[in-house]
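# Report on the structure
Chain by chain, the residues:
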Amino acid sequence: MTVPNTAPEVAGLAPELAGAKKGQGETPIASASERFTSYDVEAFEVPGGREENWRFTPMRRLRGLHDGTARFDGTAAIEVSAAGSADAGATGVPRGVSVETVARDDARIGAGGVPADRVAAAAWSAFREATLVTFDGTPEPVTITVTGPGEGTTAVGHLQLRTTPNTSATVVVEYRGSGALADNVEVVLADGSRLTLVVTGEWADDAVHVGAQHMSIGRDAVLRGTSVSLGGDVVRISPTVKYRGPGGDAELAGLGFADAGQHLEQRLLVDHAVPNCTSNVIYKNALQSVKGLTAHTVWIGDVLIRAAAENTRTFEYNRNLVLTEHARADSVPNLEIETGEIAGAGHASATGRFDDEQLFYLQSRGIPEDVARRLVVRGFFGEILNRVTLPELRERLESAIEAELAVTGA
Amino acid sequence: MSTLEIKDLHVSVATEDGAKEILNGVDHTIRAGETHAIMGPNGSGKSTLAYAIAGHPKYEITSGEVNLDGEDVLAMTVDERARAGLFLAMQYPVEVPGVSTSNFLRAAATAVRGEAPKLRTWVKEVKSAMSDLDIDPDFAERNVNEGFSGGEKKRHEVLQLALLKPKIAVLDETDSGLDVDALRVVSEGVNRYREGGETGVLLITHYTRILQHITPDVVHVFAGGRIVESGGPELADELEKSGYVRFTGSAVDAAVAGAAV
Ligand SMILES: Nc1ncnc2c1ncn2[C@@H]1O[C@H](COP(=O)(O)OP(=O)(O)OP(=O)(O)O)[C@@H](O)[C@H]1O
Ligand SMILES: [Mg+2]
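In this report, we go over the structure that sits alongside the text. In this text, all values refer to a predicted model and were calculated from it rather than measured experimentally.

What follows is about the overall build of chain B. Summing up its helical and strand segments, chain B has 10 helices and 12 strands in all. Taking 261 residues into account, the globule formula puts the C-alpha radius of gyration at 18 Å, and chain B, at 18 Å, falls close to it. Considered along the principal axes of its C-alpha atoms, chain B spans approximately 55 × 40 × 40 Å. For chain B, the residues scored as buried account for 53% of the 261 residues in total. A fraction of 69% describes how many contacts in chain B between residues 6 or more apart in sequence connect residues 24 or more apart.

The next subject is the packing of helix α3 (residues 356-363) of chain A against helix α4 (residues 369-385) of chain A. Two numbers describe a pair of packed helices, the interaxial angle and the distance between the axes. Residue and element names in this part refer to chain A. Two elements in contact, α3 and α4, have axes separated by 9 Å at closest approach and are oriented at 115 degrees. Regarding the angle of α3 to α4, the classification is roughly perpendicular. Helix-helix and strand crossings are classified by hand; for α3 and α4 the assignment is right-handed. For the pair α3 and α4, the contacting residues are L359, L362 and Q363 in the first and E369, A372, R373 and V376 in the second. Of the residues contributing to the contact of α3 with α4, the split by class is four nonpolar, one polar and two charged.

Quick look at the coordination of the magnesium ion (ligand 2) now. Residues and elements named next belong to chain B. For the magnesium ion (ligand 2), the full set of protein donor atoms is S47 (OG) and Q91 (OE1), at a range of 2.0 to 2.2 Å. One end of the pair, S47, is in helix α1 (residues 46-54); the other, Q91, is in the loop between β6 (86-89) and β7 (96-100), and 44 residues separate them in sequence. Under the relative-accessibility criterion, S47 is labelled buried at 19%. For Q91, a relative accessible area of 15% corresponds to the buried category.

Take the side chain of B:T205 next. Residues and elements named next belong to chain B. Within the secondary structure, T205 is located in the loop between β10 (200-204) and α7 (209-213). For T205, a relative accessible area of 0% translates into the label buried. Within the structure, T205 has its side chain in polar contact with the backbone nitrogen of Y207 (distance 3.0 Å). Here T205 is in contact with I38, M39, G40, D175, I210 and L211, once residues within four sequence places are set aside.

Our next topic: the sheet that holds strand β2 (residues 97-103) of chain A. Whether parallel or antiparallel, the strands of a sheet pair through hydrogen bonds between backbone atoms. All names here are of chain A. One open sheet accounts for nine strands, arranged β2-β3-β5-β7-β9-β11-β13-β15-β17; its pairing is mixed. Each edge of the sheet is formed by a strand with only one pairing partner; in this case those strands are β2 and β17 (327-337). Averaged over all pairs of adjacent strands, the angle between strand axes in this sheet comes to 10 degrees, irrespective of strand direction. In terms of strand pairing, strand β11 (residues 234-243) meets strand β13 (residues 263-272) through seven bridges, oriented parallel. Pairing of K242 across the sheet is with D271, part of β13. In the packing of helix α2 (residues 118-126) onto the sheet, contacts are made with β5 (154-163), β7 (180-189) and β9 (208-217), and the angle to β7 comes to roughly 85 degrees.

Residue and element names in this part refer to chain B. Close to ligand 1 lie 17 residues, the nearest being G43, K46, S47, T48 and H206. In the model, an oxygen atom of ligand 1 is placed 2.9 Å from a nitrogen or oxygen of the N42 side chain. Here an oxygen atom of ligand 1 and a backbone polar atom of G43 are 2.9 Å apart. Burial of ligand 1 by the surrounding chains reaches 68%, relative to a free accessible area of 640 Å². Broken down by secondary-structure element, the contributors of at least two residues to the shell around ligand 1 are β1 (3-15), β2 (18-31) and α1. Grouping the constituent residues of the shell around ligand 1 by class yields four nonpolar, nine polar and four charged.

Moving on: empty space enclosed by the protein. All names here are of chain A. With the rule as written, the count across this model stands at eight cavities of 30 Å³ or more. Reported here for the second largest cavity is a volume of approximately 150 Å³. Mapped onto the lining of the second largest cavity, the elements with two or more residues apiece are β8 (194-203), β9, β10 (222-229), β11 and β13. Split by residue class, the lining of the second largest cavity holds nine nonpolar, seven polar and one charged.

With that settled, the discussion passes to the environment of A:S227. Within the element layout of this structure, A:S227 appears in strand β10. Once the C-alpha coordinates of A:S227 and A:A207 are considered, the two residues, 20 residues apart in sequence, prove to be 17 Å apart.

This part is about the nonpolar core. Counting 110 residues, the largest nonpolar core has A:F257, A:F381, B:L4, B:L9 and B:L49 as its most contacted members. With eight residues, the top contributor of residues to this core is α4(A). Among the nonpolar cores identified, the runner-up in size contains 50 residues, and A:V80, A:L161, A:V185 and A:L197 belong to it.

A word on the sheet that holds β6(B). All names here are of chain B. The sheet built from six strands is open, its strands ordered β6-β9-β10-β3-β11-β12 with mixed pairing. With partners counted over all chains shown, the strands left at the sheet margins are β6 and β12 (226-231), one partner each. Across the sheet, the mean angle from the axis of one strand to that of its neighbour is 20 degrees, orientation sign disregarded. Pairing geometry for strand β3 (residues 35-39) and strand β11 (residues 218-223), over four bridges, is parallel. Within β11, the residue paired with A37 across the bridge is V219.

Before going further, it helps to examine the pairing of β3(B). All names here are of chain B. Buried residues dominate β3, accounting for five of its five residues. The alternating pattern of β3 places T35, A37 and M39 and H36 and I38 on opposite faces, both of which are buried. In this structure, β3 lies alongside β10, joined through four bridges in parallel fashion. Counted as the bridge partner of A37 is L203 from β10.

With that settled, consider helix α8 (residues 233-242) of chain B. Residues and elements named next belong to chain B. Among all positions in α8, only L235, A236 and L239 are buried. Down the axis of α8, the buried set is contained in an arc of 105 degrees. They therefore lie on one face. Of the residues in α8, the exposed ones pointing more than 90 degrees away from the buried face are E234 and K241. In this structure, the buried side of α8 is in contact with β3, α7, β11, β12 and α9 (245-248). Where α8 ends, the next residue or the one after it, G243, has phi of about 75 degrees, a positive value.

Cut-off values and rules
- Residues numbered from 1 in each chain as written.
- Chains lettered and ligands numbered in written order.
- Predicted model: local features only at pLDDT ≥ 70, side-chain atom pairs only at ≥ 80, totals over all residues.
- Heavy atoms only, no water.
- Helix = DSSP H or I, 4+ residues; strand = E, 2+ residues; numbered from the N terminus.
- Rg over C-alpha atoms; globule rule 2.2 N^0.38 Å.
- Buried < 20%, exposed > 50% of the residue type's maximum accessible area, 1.4 Å probe, protein only.
- Contact = heavy atoms within 4.5 Å.
- Axes fitted to C-alpha atoms, helices over the stretch in contact; angles between N-to-C directions.
- Parallel < 35°, antiparallel > 145°, perpendicular 65-115°, else oblique.
- Left-handed = near helix turned anticlockwise from the far one by under 90°.
- Nonpolar A, V, L, I, M, F, W, Y, C, P; charged D, E, K, R; others polar.
- Donors = N, O, S within 2.8 Å, 3.2 Å for Na, K, Ca; no water.
- Polar contact = N/O pair within 3.5 Å; in protein donor to acceptor, adjacent residues only side chain to side chain.
- Pairing = 2+ DSSP bridges.
- Near = heavy atom within 4 Å.
- Areas by Shrake-Rupley, 256 points an atom, 1.4 Å probe, with all protein chains shown as cover.
- 1 Å grid on protein atoms, 1.4 Å probe; cavity = no way out; pocket = protein on both sides within 12 Å on 5 of 7 lines; lining within 4 Å.
- Points joined across faces, edges and corners; volume = space filled by probe spheres on them.
- Core = buried A, V, L, I, M, F, W, Y, C linked by side-chain atoms within 4.5 Å.
- Arc of directions from axis to C-beta.

Encoded structure:
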């Protein structure tokens, strides 16, 4: 299942800072258009941490997911249920949703995309069975819960979400629990279908999650994605969006709240290779920490508009809010345009600090410090959380964020 | 009836060359129902006094007392001071991205009043307070002070004064940066707030113009980190004519004061 390696000597190079580093005598940086991909873990060199696409990631905390030492001795259970229902299980699945457990050689596996880093390839090479959920018609919302394998163990996972033509569905994928997980999620949207996808990471403190999301958007299909990354020790998610036909529309919104010692990394690639498609990426991270520990967020936003992708409309946006000292937000937007015929393209990135002056101003109006911080964070994340249209879920996430704040807000 | 009492207040700021004393022995008492104007040259420490009363972390109180109705203000946190009834309209209001003005006002009113105002009456209250100050209703949805013009920020400070109804309000150059009409509107706002006679106003200004709208009971001259003279409204007129040279003895300060007028 190996896809031919098109060029780079070092596998998995990402294009960020391409312009910045070029000409400085360093190894040339591959463009996103030449990104190496393969289903086979052995096709990738073991990353040491200095490669472009790993340079922000704390490799020592990856529990060996990247270097072959992880034994994948655990299992990450995947359960599907009607959203909002307490009891999980395939029996509670609404009409229009079918859940299958399929073998590696199922013809549909791989329709979403191909791994672009060694951990995703390791997960792909190791999984035995995949969970495949098909949405047809206008089913009620579904929740898919992925539970980590447990503290001290490692697991791989494979999930594919697919729609039939003209379907309109909502699905929530919730990651919880402990342990280390490397997984691939394929999202395959049929022509004219629409999927609202919410992915939450409410991991336990010890959890490590390195995930790849492969989104394949059919003609005139619409993806509305929202990701909420709260828990875990190291969480690194790499969504890739590709369009199979014109008229596709993908919006990826996300938020992350990193506190003391946490590393949250989001690496997005939107690959425009067909005409008349739209992409909109909007990610926001808040960070807070305490002395001796660092909170770290990384956002990489690559948008590639290939020569054939005429009349593309794209915008990507990252904002980070640093609430305390001992926090670091890296943000690398990157727009590569290979055609002159685009409808609109822009990117923006900004990192701001909630500083003493702002706190003083709010407090000088009687607002206590903890309320002031809540006000600022709630306002900051509102734009993302408002996209979560399931009220119970949104409330739960809001209170989860406030609980995070309370940890060091005191 | 409230009283704010400042006794022998010394304040310094940390600089690269160690602590620098800015206030050296401010004595001042203001009671509800009174309006005091403080005038003084640039850099004399007027804003420092205002910030020290409000509790800005940059300023260190090295000695002295500040009491509100006998309560030790200096022992309170910034938000406790505001809830106790102190208010500072800042010379340079701070932008708070991500927080809408309406959410901010409601959070402040909730904190100061001790309970969340009823939504229906609150919306009306904010609307009418905004229209009193000629503030466009759209400002409610904008982030606090973000991108506001200088004059808009000042109006927004007075809006908060109107909604929070403090016992003692310090207005630090609220008149600077206002056009003629805005000055009138803002002064009317302050006067409405004074009307009840329940509140004291400490008005820091460089200009006698605002004193024609808001008549002070007492005018103080602030120089070299303390109050050096106090008198009636006529003192302001004298300052307007002759500057601060009589109080500072420095030609440079006089020039600065002259430029400010
Ligand atoms: N961090 C600092 N380091 C050094 N000097 C400082 C610092 N902060 C304030 N000062 C000085 O303290 C003095 C008093 O400042 P303050 O802002 O109180 O003056 P002011 O009377 O309000 O002046 P203005 O009329 O210009 O508003 C000024 O000389 C100022 O430069
Ligand atoms: Mg000043």
